[in-house]
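# Secondary and tertiary structure notes
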Amino acid sequence: DLEVSNSYHQQGVGIVGAGLVGCLAALAFNAKGFSVTLFEYRDDPSKTKNDNLRSINLAVSARGIRALKYVDEEMAERILEHIIPMKGRMIHDLDGNQTSQLYGLFGEAINSIDRSFLNECLLEEIRHTDIKVLFNHKLVAFEKNHGEDQTPKMTFIDTSEGDAASKTFEFDYIVGADGAHSQFRTQLQRTMRMNYSQEYIDMQYIELYIPPSESAKDDSKFLLNPNHLHIWPRTNHMLIALANKDGSFTCTFFSPWSVIEGITSTEQWISFFKKNFKDAYDLIGEARLATVYETHPRGSLLQVNVYPYHSPDGRAILLGDAAHSMVPFYGQGMNCGFEDVRTLMELIDEKGGDVLEAFRSYTEIRKADLDAICKLALDNYHEMSHKVTSLWYLTRKRIDSLLGKLNGKYFQWIPLYTMVSFRDDIRYSQAIEIEKRQGRFLNNIQYGFLSAVAVTSLIKGLQMWGRRT
Ligand code: FAD
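The present account deals with the structure reproduced in this document. (Residues numbered from 1 in each chain as written. Predicted model: local features only at pLDDT ≥ 70, side-chain atom pairs only at ≥ 80, totals over all residues. Heavy atoms only, no water.)

### Quick word on the side chain of E125
By the element assignment, E125 lies in helix α4 (residues 115-127). For E125, a relative accessible area of 14% translates into the label buried. (Helix = DSSP H or I, 4+ residues; strand = E, 2+ residues; numbered from the N terminus. Buried < 20%, exposed > 50% of the residue type's maximum accessible area, 1.4 Å probe, protein only.)

Structure below.
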């Protein structure tokens, strides 16, 4: 549990961005006794109507849950009441047949939750603390080493008061958690030698919606099995669906930009959908599909990598998507961002409350893991959109699971998915290393088996040929 230390009192932390990671970081610093101010560009969501057409369902898994519990066990319990466990993928073929592929070896599940709802849950927790939250504050400038005491300074535009209202704040430490397009990162880069890369992946996404059943009673309000992540894999595009508590499903259609841009009318979109996702088409309905095509934004996916994550004077740090935006195909973006927060807090304790030291060590400790998960996320797109239907992949998966179930009895064996999603004690970089070793062994088994089949067939063929001649 989080250790509260009075010695941290009076040290001011300014956090930019009240998204998922910024909120958890604020709660974590506050629980340690720091004085925290959280700045958010948007208006207070509790005061505004949520008509966000980009509402996304997230899969929360072991790393995210551990970080929530680390910050506050009871808060984690309150939040986890709202999740829907998903114990496997449900693969939908072109004819609408569904096949379940379990994620875990022993019934483990990842968990569906609405992103805006989760954000609001965290903000609600913040309302019960003395964290100061300033909504409608847009970061526009950052200056390091301000004044004699070297205190960094941030300038914000208060958008509720018009463009002229710019305000300046000073903090002992600053956390940039303002997402993939981080303004804080841009500002920080001007003051230091920071490596930075940004790559747009040739992929767009659109959100869709399957409503709850109108006719069914409460216990069967879901039109699909809620305890699965539904996937319609179609090689170069796919549809996924995750359940919501009210019986609806949030769906996401992913495709290369050329696919969506090649569709030029609502009619074409509807017939494309009907051809590729017939069962989903029936559940969503033509009217809703037309609205989606005509009004819903197309999201782009980008990968961002930076190095180092902290400023040379150790007073500023980047966490979450601001430091490592990744494609969403391993469902780890937020989980990893939450793990960033736990890792940093543990370092602060390890360094006896020396935040400067903790910020400096964080980069060193975290780099390999962040690189690893960004790579895994990209690789998993091929698995979800294509490999899940291949016999080679399914056979390999079966052997992988079988060996995983025997883990610890005669040898050590943990499938990659288990390491990433269900184990919070194996670092992402370790998971890749272990998987490489296991992968080589699986290749040998599969090639060995194929060679045995080939040799047996050859011998049989020669015997038949011998008998004939
Ligand atoms: P954000 O959520 O982007 O929050 C940043 C905040 O900063 C925002 O509130 C923004 O308004 C604010 N801000 C921006 N600029 C400024 C400024 N200048 N001044 C002040 N405030 C500012 N992750 C998972 O773990 N599991 C999943 O299943 C999953 N699925 C996903 C599916 C899709 C389609 C996508 C796109 C992402 C998915 N993710 C998933 C990733 C996850 O959504 C992100 O990793 C997570 O939201 C990152 O949180 P963050 O707080 O770092 O950034």
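### Some thoughts on the packing of aromatic side chains
Using the criterion set out here, one finds 26 aromatic pairs in the structure. Plain terms: the ring middles of Y103 and Y417 are 4.6 Å apart, the flat faces sit at 5 degrees to each other, and that makes the pair stacked. Of this pair, Y103 sits in the loop between β6 (98-102) and β7 (110-114) while Y417 sits in helix α14 (residues 416-422), and the two are 314 residues apart along the sequence. Each member of the pair, Y103 together with Y417, is buried. Look at F253 and W269: their rings are 5.6 Å apart centre to centre, the planes differ by 70 degrees, and that puts the pair in the edge-to-face class. (Phe/Tyr/Trp six-rings, centres within 6.5 Å; stacked < 30°, edge-to-face > 60°.)

### Observations regarding helix α3 (residues 73-80)
Because an α-helix packs 3.6 residues into every turn, residues spaced three or four apart end up facing the same way. Inspection of α3 places M75, A76, I79 and L80 among the buried residues, and these make up the whole buried set. Around the axis of α3, the buried residues are gathered within 130 degrees of arc, so they sit on the same side. Tucked inside the fold, the buried residues of α3 contact α1 (20-31), α2 (62-71), β7 and α4. The N-cap residue of α3 is D72: its side-chain oxygen and the backbone nitrogen of E74 are 3.0 Å apart. (Arc of directions from axis to C-beta. Contact = heavy atoms within 4.5 Å. Polar contact = N/O pair within 3.5 Å; in protein donor to acceptor, adjacent residues only side chain to side chain.)

### A few points about unusual backbone geometry
Of the consecutive residues Y307 and P308, the connecting peptide bond is found in the cis state with omega at -5 degrees. With respect to the helices and strands, the residue P308 is situated in the loop between β17 (299-307) and β18 (316-318). Within the chain, N136 stands out as a residue other than glycine whose phi angle is a positive 55 degrees. In this structure N136 comes out as buried when scored by relative accessible area, which is 17%. A positive phi angle, close to 65 degrees, is found at T235, a residue other than glycine.

### A look at the sheet that holds strand β4 (residues 84-86)
The strand order across the open sheet formed by three strands is β3-β7-β4, and the pairing between neighbours is antiparallel. Both edges of this open sheet fall to β3 (57-60) and β4, since each of them pairs with a single strand only. This sheet shows a mean twist of 35 degrees between the axes of neighbouring strands, independent of strand direction. Pairing of β3 with β7, which is carried by four bridges, proceeds in the antiparallel orientation. When the sheet's bridge partners are listed, V60 is paired in β7 with N111. (Pairing = 2+ DSSP bridges. Axes fitted to C-alpha atoms, helices over the stretch in contact; angles between N-to-C directions.)

### Here we look at the packing of α2 against α3
The N-to-C vectors of α2 and α3 enclose an angle of 135 degrees; their axes lie 5 Å apart at closest approach. Relative to α3, α2 is oriented oblique. Side by side, α2 and α3 meet where I65, L68, K69 and V71 of the first sit next to E73, M75, A76, E77, I79 and L80 of the second. (Parallel < 35°, antiparallel > 145°, perpendicular 65-115°, else oblique.)

### Focus: the pairing of strand β13 (residues 195-210)
Bridge analysis of β13 against β17 gives nine bridges, and the strand direction is antiparallel. Among the inter-strand pairings, Y205 is bridged to a residue of β17, identified as G299. Note that β13 and strand β16 (residues 249-255) share seven bridges and pair antiparallel. Looking across to β16, one finds that L208 is bridged to C251.

### Concerning the nonpolar core
Buried together is how nonpolar side chains tend to be arranged in soluble globular proteins. Ranked by size, the top nonpolar core spans 115 residues in total, and within it F29, L122, M154 and F184 carry the most contacts. Looking at this core, the element that brings in the most residues is helix α12 (residues 355-385), giving twelve residues. If sequence neighbours within four positions are ignored, F184 has contacts with V16, L139, F142, M154, I174, G176, D178, A316, I317 and L318. Among the nonpolar cores identified, the runner-up in size contains 27 residues, and I210, A243, V259 and I284 belong to it. (Core = buried A, V, L, I, M, F, W, Y, C linked by side-chain atoms within 4.5 Å.)

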